[in-house]
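Per-entry structural report
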Amino acid sequence: MAITLENVGIAVEDIDAAIAFFTDLGLTVVGRDTVSGEWADTAVGLDGNHAKIAMLQTPDGHGRIELFEYIHPEAIATSPTLPHEIGMHRVAFCVDDIDAALEVAAGHGCHPLRGVATYNDVYKLTYLRGPSGILVMLAQDLTKG
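Cut-offs and rules
Residues numbered from 1 in each chain as written. Predicted model: local features only at pLDDT ≥ 70, side-chain atom pairs only at ≥ 80, totals over all residues. Heavy atoms only, no water. Pairing = 2+ DSSP bridges. Helix = DSSP H or I, 4+ residues; strand = E, 2+ residues; numbered from the N terminus. Axes fitted to C-alpha atoms, helices over the stretch in contact; angles between N-to-C directions. Contact = heavy atoms within 4.5 Å.

Before going further, it helps to examine the sheet that holds strand β8 (residues 135–141). With mixed pairing, the four strands of this open sheet are ordered in space as β5-β8-β7-β6. Looking at which strands have only one partner, the edges of the open sheet turn out to be β5 (91–94) and β6 (117–119). Each strand axis lies, on average, 25° off the axis of its neighbour in the sheet, ignoring direction. Sheet topology places β5 next to β8; four bridges connect them, and they run parallel. Looking at β8, one finds that Phe93 is bridged to Leu138. On the sheet, helix α3 (residues 98–106) packs against β7 (123–129) and β8 and is oriented at approximately 10° with respect to β7.

Here it is in structure tokens:
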């Protein structure tokens, strides 16, 4: 059986703010829609499912995230995931210039949780809170370039 990763889905409070954050980091919107109806209820397992969605793609075309903002039922706010909690954890991006990426993130009010670390002279990396409290990892491969 062949398998590939299609995308990672992330529920957000404000889809436009989340799109702005991720597109400023370099992702491209490849589609937007509003979904509802029996097929959406069946696929998601949620009666009355009605949501705005957007599919974003990394420049290399291999990574995709799907953002969704629920219209119905009303979205339920939860505490942001902590790095040591079990469950869906974070979305990670490799960037060619972590300082430039952090400037972009700061423009959206998003800053590293603690700072930028260097792992074995191989990666500079950090975690930050993106839109809707999404845990985002940014990493720069120091062995390239």
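Here the narrative resumes.
What follows deals with the sheet that holds strand β1 (residues 8–11). What the four strands build is an open sheet, ordered β1-β4-β3-β2; its pairing is mixed. The open sheet has two free edges, formed respectively by β1 and β2 (28–36), since each of these has just one partner strand. If you compare each strand with its neighbour and ignore which way they point, the axes differ by 20° on average.

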